[in-house]
Amino acid sequence: MKRRDFIKRVAPMGLLPFAINGQPIRAYGKLLGTDAQDFTQTDKVLVLIQLNGGNDGLNTLIPLDQYSNLTAARPDVILPENKVLSLNGLSGTGIHPAMTKLRDMYNDGKVHIVQNVGYPNQNYSHFRSTDIWLTGSDSDEVLTSGWVGRYLAEEWPNYPEGFPNDDMEDPLAIQIGSLVSPVCQGPAVNMGLAISNPTNFYQLLSGDFGETPDTWAGKELSYVRTVAHQSNEYALRAKAAAEKASNLSTKYPNGNSLANQLKIVAQLIAGGLKTRVYVVTQGGFDTHANQVDATGGNETGYHASLLQRVSEAVDAFQDDLELLKIDDRVLGMTFSEFGRRVVSNGSIGTDHGSAAPLFLFGSKVKSGMTGKNPVIPSNASVNTNLPMEIDFRSIYSTILQDWFCLNKEVSDSVLLHNFDSLGILNSSCEASSVKQVQSKAGDAYIMNYPNPFANATTIRYYSDGGLVNINIIDSRGRFIEQVVSSQIPLGTHETVFDASRLSPGTYYCQYQNGMVGQTKSLLKVR
Amino acid sequence: MARTNTSRTTSGLNAYSGSWGEAEILHLLKRVHFGVKVEDVNYFKTKTLNQTISEILAIDYSPPAPPINNYNDAFNDPVIAPGQTWVGNYNSLLNGVRMASFKRWWTGELINHDRTVREKMVMFWHNHFATQTDVYNWPNYAYDHTALLRANAAKNFKALTKLVTLDPAMLIYLNGDKNSKTAPDENYSRELQELFTLGKGPNSNYTESDVIEGAKILTGWRINRSTGAVYFDATKHDTTNKTFSSFYNNTTINGQTGANGAEELDDLLDMIFNQEEVSMHFARKLYRWFVYYDIDETTEENVILPLAAILRSNNYEVKPVLEALFKSEHFFDTANRGALLKSPVDFTVGLCRIFDIKFPNTDYVLKYDLWNIINYTAAIQQQDIGDPPSVAGWPAYYQIPLFHEIWINSDTLPNRNKISDVLITYGYTVRGTKLTINVLDYAAKFTSVAYPGAFIDEILPHLHTVEVSQDQKDYMRSILLSGQVEDHYWTDAWNLYKNDPNNTTYQTVVGLRLIQLIKYLMNLAEFQLS
């Protein structure tokens, strides 16, 4: 009997969701029975635009009400006050002159600005701060999984076993040109498909795998690449989707790599991929020197060109989504690992900073701005940095709860910290007292009940007759306990995991049996 | 798939006199080792080409410590204490756990092999004189068989052929131990000629009656099942005269009675090995093992023919052939480099050796269990050591037209990626011990590790054989830099770690990026080439 058939035929335990503290709990996994309702909100998409290098927030979103202090602090890069673009309904805040399109989108109600986004105890290293943003960790905490990866693992706990399948034929996430980012790294495996750059994507479409040398090694290389392509079912799905739809907007600028990435995203969504998250990148924001072109006016120069790129790419993308009639389903967000220093330096640039504004865009954002202008002291020094007003994880929480419709408990479990939604989206989630997670897709080899649990939970798992290893690790990847490590007879088995001595929080149950590896999250509550 | 009309080289066995440096060392070691250690490359950088080949061929023939009772917790051994060797003790009830023990032990030998070509030759002989453990089914014979191959790794091909003929595993596998004068069993006689000596090429023209006559000569050999000792039972032996075909010059081998009947085997082998084709067949197999599968007319002329001649003029000693091949301009010809697809064992054992994965030393039960992971992951890719799919060995070495491309298909390739991905991320954990690649320790072996561009240039030849484009190298650099453009961000992060290696934040900052980079390098098709 094939392993997959066995799993499907295993009789449900007859276990119904039961209550802890009066709250009904969710049922996970195919093993538990088929009464679980399908998760209905399957069509929402998140597009993350990572601005690499640390975008200078103070020259992007300008506090018009403090211009003299701002000019005193950063005379070498200060934008001419009369060139700053105003935003409807915001008297004290303007936007960089290069971002006319984004200004228009804001005025049309398609942008929500969040001020002073950061985290306590700012880390000024690119690597650390990028990791913090992508993993959702505290500043003094080291996590190796990404917040998106953990979210996707929550939605599809069986991934990758039995994937792709009829319930989910498509990649869960796609990263384009995003440097093999850890944002989609789940507790065990990476949950996304990486297309390293748009060129590779077009190669994938055309079946051209790049040049190989005219040697026997080159011939074998071609062979392996062909097999790799044919075995990559996700790449083939992406290709099929891209062939079904074309971009409709005429606004996409040439020579704009962010626009090229977003074009692909629009094409894939319109082509019918059920992929939930896309990650695209624009680099170059580390403007330590020559941030502006003094001779042309500080509103011109390098940073201006980057912001213009972002503005035009996002505008074209939104236009395309509307023309393709998929704009209701897509939420976009720009973010950067930190802002930049209040004072300018001696190289006509700025050094690493802290909190900065962040933009959410799409048809379903509430128009407006959250937060207030940062306060620029009159005696700003090289040590002055902007304090955080909004923790970046509140924005993630907003997305998880109000866009992807997780309830707060699950959202907190994904974020590994407790954060509330900011309530800045205009989307609705299906009203239901019991939020069910779509987890039927794929093959479940391990699950646990109850979940969440206070003291103990039963782990139910399958063995092919060989060696089974089940480890419990904490959210930081630290080994807690080995629950099983021996030859287990063929079939389904159970073991009780006593977690009474552990602190409440998210843990992971890592299972290995032969070539099958599967990791499930466990939520211990008080 | 369409074959490109790539021109092949005309180089032959003349001694290579080109440059001798890291590129040449990596090429050689990738062929003679199962995965190349950084330390071994650095070691041979201090030696000349000739010194290197000498050392590679300076095989230590003292047998390694044999497999032990690692299974006592699962299955109590009434005679052999835990940790002691079960070799020499026969107990059919323990066959299952001991066969598992044997395969794990052999995997350990592969992972820990020394700088010589010994283990590659053991595998070569195993593929050549193919046997299958799940047919003869005795772990003791499995051990004895590979010990035999190991003891003769680069010695005499003709002598080894006789030893294999009378090896219990082979005798059972090809029915030699049932071969009787009443109705001679042709199995071994056929494979001896078709696979082990003459081959099936156009110049190999032994006939069906040669197979029959050979079978008669081979009658009478038996195995004492309780000791594994092989003996000759004259009462079962066909004592008639055996006459062979014109291919063998109508040779007659006189039948002998009594114990002398055993000597007919020597006459048979003398007759077979008189044929030049034996040395040609051997040379082709060796070529396909160490160089490439395609043997065009020029290669046959310039390489196979002379190698075969060297074998014959040295009375079937294998070492001079290996020496001539490894020192040749053909072997180092750039047209021939990097073209072999890694076998599953090359790939999986290779991961352990390339990245110097640490195995526990004191807990042998755990060590055998961890070796098991390497063993079965290679088996899933269709190379289960001890069990090739048939007496012809693994099809990658003979099946026209794909040859080694057979190793890579839409099932095995994703599995390879999965294995390397798991090893570099969360690893395989057994009883709390994790088998995983320590990227920090690995990166530290490279002197330019602190400088992204130089580090990538230094590490790429170790992991790949074909140069990647500058675009690709830039992309790789951007992985290390997380998209930043200034190299010093990486340098600073590495130095922070180096100066405080126990700091978990510093470890993770550089570790995460190294994992992403090396994982990317292993996911590229280039990583499958050797």
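If you're wondering where the values come from, they're calculated on a predicted model, not measured in any experiment. (Residues numbered from 1 in each chain as written. Chains lettered and ligands numbered in written order. Predicted model: local features only at pLDDT ≥ 70, side-chain atom pairs only at ≥ 80, totals over all residues. Heavy atoms only, no water.)

A.B. asks: Outline the layout of surface pockets, listing residues and values.
C.D. replies: Approximately 760 Å³ is the volume found for the second largest pocket. Around the second largest pocket, the lining comprises 27 residues; the ones closest to its centre are Leu467 and Gln487 of chain A together with Arg104, Asp369 and Asn372 of chain B. Of the residues belonging to the lining of the second largest pocket, the class tally is nine nonpolar, eleven polar and seven charged. (1 Å grid on protein atoms, 1.4 Å probe; cavity = no way out; pocket = protein on both sides within 12 Å on 5 of 7 lines; lining within 4 Å. Points joined across faces, edges and corners; volume = space filled by probe spheres on them. Nonpolar A, V, L, I, M, F, W, Y, C, P; charged D, E, K, R; others polar.)

A.B. asks: Hey, could you go over the pattern of salt bridges for me, with residue numbers and the actual values?
C.D. replies: Residues and elements named next belong to chain B. Scanning the entire structure with this criterion turns up 60 salt bridges over all chains. As a salt-bridge pair, Glu300 and Arg284 come within 2.8 Å of each other at their nearest N and O atoms. A residue pair is termed long-range when its members are at least 10 positions apart, and Glu300 in helix α14 (residues 297–313) and Arg284 in helix α13 (residues 276–290) qualify at 16 residues. Under the relative-accessibility criterion, Arg284 is labelled buried at 16%. (Salt bridge = Lys/Arg side-chain N within 4 Å of Asp/Glu carboxyl O. Helix = DSSP H or I, 4+ residues; strand = E, 2+ residues; numbered from the N terminus. Buried < 20%, exposed > 50% of the residue type's maximum accessible area, 1.4 Å probe, protein only.)

A.B. asks: Give a detailed account of the packing of helix α8 (residues 157–165) of chain B against helix α12 (residues 264–273) of chain B, specifying residues and quantitative values.
C.D. replies: Residue and element names in this part refer to chain B. One can describe the packing of α8 onto α12 by two numbers: an axis separation of 11 Å at closest approach and a directional angle of 140 degrees. The angle between α8 and α12 falls in the class oblique. Note on packing geometry: the crossing formed by α8 with α12 is right-handed. Taking contact as the criterion, the partners of Phe157, Lys158, Thr161, Lys162 and Thr165 in α8 are, on α12, Leu265, Asp266, Leu269, Asp270 and Phe273. Of the residues contributing to the contact of α8 with α12, the split by class is four nonpolar, two polar and four charged. (Axes fitted to C-alpha atoms, helices over the stretch in contact; angles between N-to-C directions. Parallel < 35°, antiparallel > 145°, perpendicular 65-115°, else oblique. Left-handed = near helix turned anticlockwise from the far one by under 90°. Contact = heavy atoms within 4.5 Å.)

A.B. asks: Explain the nonpolar core to me, and be specific about the residues and the numbers.
C.D. replies: Counting 186 residues, the largest nonpolar core has Met121, Trp125, Phe157, Phe290, Phe326, Phe355 and Trp494 of chain B as its most contacted members. Not counting residues within four places of it along the chain, the set of residues in contact with Phe290 of chain B comprises Arg31, Val32, Val117, Lys120, Met121, Leu322, Leu325, Phe326, Phe331 and Leu340 of chain B. Membership of the second largest hydrophobic core comes to 95 residues, among which are Leu85, Val114, Leu172 and Val410 of chain A. (Core = buried A, V, L, I, M, F, W, Y, C linked by side-chain atoms within 4.5 Å.)

A.B. asks: Before we move on, could you go through the sheet that holds strand β19 (residues 467–474) of chain A and cite the residues and values that matter?
C.D. replies: Residue and element names in this part refer to chain A. Taken together, the four strands give an open sheet; going across it, the order is β20-β19-β22-β23, and neighbouring strands pair in antiparallel fashion. Because the sheet does not close on itself, it has two edges, and the strands there are β20 (479–487) and β23 (516–524). Put simply, the sheet's adjacent strands are angled 15 degrees from each other on average, direction ignored. Taken together, the nine bridges between strand β22 (residues 505–513) and β23 define a ladder with antiparallel strand orientation. In the strand pairing of β23, Thr506 is matched with Leu523. (Pairing = 2+ DSSP bridges.)

A.B. asks: I'd like a rundown of the side chain of Arg393 of chain A, residues and numbers included.
C.D. replies: All names here are of chain A. Within the secondary structure, Arg393 sits in helix α11 (residues 392–403). For Arg393, the side chain forms a polar contact with the side chain of Asp138, separated by 2.7 Å. Apart from the residues within four sequence positions on either side, Arg393 is in contact with Tyr119, Pro120, Gly136, Ser137, Asp138, Leu415, His417 and Phe419. (Polar contact = N/O pair within 3.5 Å; in protein donor to acceptor, adjacent residues only side chain to side chain.)

A.B. asks: Residues and numbers for helix α4 (residues 95–111) of chain B, please.
C.D. replies: With 17 residues, α4 of chain B ought to run about 24 Å at 1.5 Å a step, and its terminal C-alpha atoms sit 24 Å apart, in line with that. Within α4 of chain B, 14 of the 17 residues are buried, which leaves the element mostly enclosed by the surrounding structure. (Expected span 1.5 Å × (residues − 1).)

A.B. asks: So, the pairing of β23 of chain A: which residues are in play, and what are the values?
C.D. replies: Residues and elements named next belong to chain A. Counting buried residues along β23, nine of its nine residues qualify, which places the element largely inside the surrounding structure. The alternating pattern of β23 places Val516, Gln518, Lys520, Leu522 and Lys524 and Gly517, Thr519, Ser521 and Leu523 on opposite faces, both of which are buried. Where β22 folds back onto β23 in an antiparallel hairpin, the turn is made up of two residues, including Gly514, whose phi is positive at roughly 60 degrees.

A.B. asks: Quick one: what's the story with the interface of chain B and chain A, residue by residue and with numbers?
C.D. replies: On the chain A side, the residues contacting the 58 residues of chain B number 43 residues. Between chain B and chain A the total buried area reaches about 4,600 Å² when both faces are included, carbon and sulfur atoms providing 64% of it. Remark: the boundary between chain B and chain A carries four salt bridges. The salt bridge partner of Arg513 of chain B is Asp131 of chain A, with a shortest N-O separation of 2.9 Å. Viewed at the interface, chain A and chain B are joined by 22 residue pairs in polar contact (both at pLDDT 80 or more). Listed by contribution, the elements that provide at least two residues to the side of chain B that touches chain A are α18 (364–380), α19 (412–424), β5 (428–430), α22 (470–480), α23 (488–499) and α24 (504–523) of chain B. Here the residues of the side of chain B that touches chain A are counted per class, giving 28 nonpolar, 20 polar and ten charged. (Buried area = accessible area lost by both parts, 1.4 Å probe.)

A.B. asks: Talk me through the state of the cysteines; I want residue IDs and the actual numbers.
C.D. replies: Residue and element names in this part refer to chain A. If you walk through the whole model with that rule in mind, you get one disulfide over all chains. In this model, Cys405 is linked to Cys429 through a disulfide, with the two sulfur atoms separated by 2.0 Å. Between Cys405 and Cys429, the disulfide has an S-S torsion of -85 degrees and is therefore left-handed. Of the two residues, Cys405 is situated in the loop between α11 and α12 (408–415) and Cys429 in the loop between α12 and β17 (446–449); the sequence distance between them amounts to 24 residues. Here Cys184 is not disulfide-linked; the sulfur of Cys405 is the nearest cysteine sulfur, at 19 Å. For Cys184, a relative accessible area of 0% gives the class buried. (Disulfide = S-S within 2.5 Å.)

A.B. asks: Pulling in residues and values, what's your account of the sheet that holds strand β6 (residues 90–95) of chain A?
C.D. replies: Residue and element names in this part refer to chain A. Strand order in the open sheet formed by three strands is β4-β6-β5, and the pairing between neighbours is antiparallel. Each edge of the open sheet carries a strand with a single partner, namely β4 (61–63) and β5 (85–87). On average, each strand axis in the sheet is inclined to that of its neighbour by 45 degrees, with strand direction left out of account. Note that β4 and β6 share three bridges and pair antiparallel. In the strand pairing of β6, Pro63 is matched with Thr93. Against the sheet, helix α3 (residues 100–107) engages β5 and β6, with an angle of about 15 degrees to β5.

A.B. asks: I'd love a proper account of the packing of aromatic side chains, names of residues and values included.
C.D. replies: Applying the stated rule across the entire model yields 50 aromatic pairs over all chains. The interplanar angle of 80 degrees and the centroid separation of 6.5 Å between the aromatic rings of Phe317 of chain A and Phe361 of chain A together place this pair among those described as edge-to-face. Highlighted residues: Phe317 of chain A in helix α10 (residues 302–323) and Phe361 of chain A in strand β14 (residues 356–361), separated in sequence by 44 residues. The residues Phe317 of chain A and Phe361 of chain A share a single accessibility class, namely buried. Following the ring pairs from residue to residue traces out a cluster consisting of Phe124, Trp125, Phe129, Phe157, Tyr188, Phe196, Phe273, Phe282, Trp289, Tyr316, Tyr397 and Trp407 of chain B. (Phe/Tyr/Trp six-rings, centres within 6.5 Å; stacked < 30°, edge-to-face > 60°.)

A.B. asks: I'd love a proper account of the pairing of strand β3 (residues 45–51) of chain A, names of residues and values included.
C.D. replies: Residue and element names in this part refer to chain A. Summarising burial for β3: seven of the seven residues are buried, a large majority. Alternating positions in β3 separate into two faces, Val45, Val47, Ile49 and Leu51 on one and Leu46, Leu48 and Gln50 on the other, with burial throughout. Across seven bridges, the pairing between β3 and strand β11 (residues 330–336) is parallel. Across the sheet, Ile49 pairs through a bridge with Thr334, a residue of β11. Across six bridges, the pairing between β3 and strand β10 (residues 277–282) is parallel. Within β10, the residue paired with Leu51 across the bridge is Gln282.

A.B. asks: Any chance you could break down the packing of α3 of chain A against α10 of chain A for me, citing the residues and the numbers?
C.D. replies: All names here are of chain A. Following both chains from N to C, one finds α3 and α10 inclined at 45 degrees, their axes separated by 7 Å at the closest point. Comparing the axis directions of α3 and α10 gives the class oblique. Between α3 and α10, the residues in contact are Thr100, Lys101, Leu102 and Met105 and Ser311, Glu312, Val314, Asp315 and Gln318, respectively. Taken together, the residues of the contact of α3 with α10 sort by class into three nonpolar, three polar and three charged.

A.B. asks: Break down unusual backbone geometry for me, with residues and values.
C.D. replies: For the bond from Tyr159 of chain A to Pro160 of chain A, the omega torsion is 5 degrees, close enough to zero to count as cis. For Pro160 of chain A, the location among the structural elements is in the loop between α5 (147–155) and β8 (173–176). Look at the link from Tyr449 of chain A to Pro450 of chain A: it is a cis peptide, with omega at -10 degrees. Topologically, Pro450 of chain A is positioned in the loop between β17 and β18 (456–463). The phi torsion at Asn249 of chain B lies on the positive side, around 55 degrees, for a residue other than glycine. With respect to the helices and strands, the residue Asn249 of chain B is situated in the loop between β3 (242–243) and β4 (252–253). Residue classification places Asn249 of chain B among the exposed positions, given a relative accessible area of 64%.

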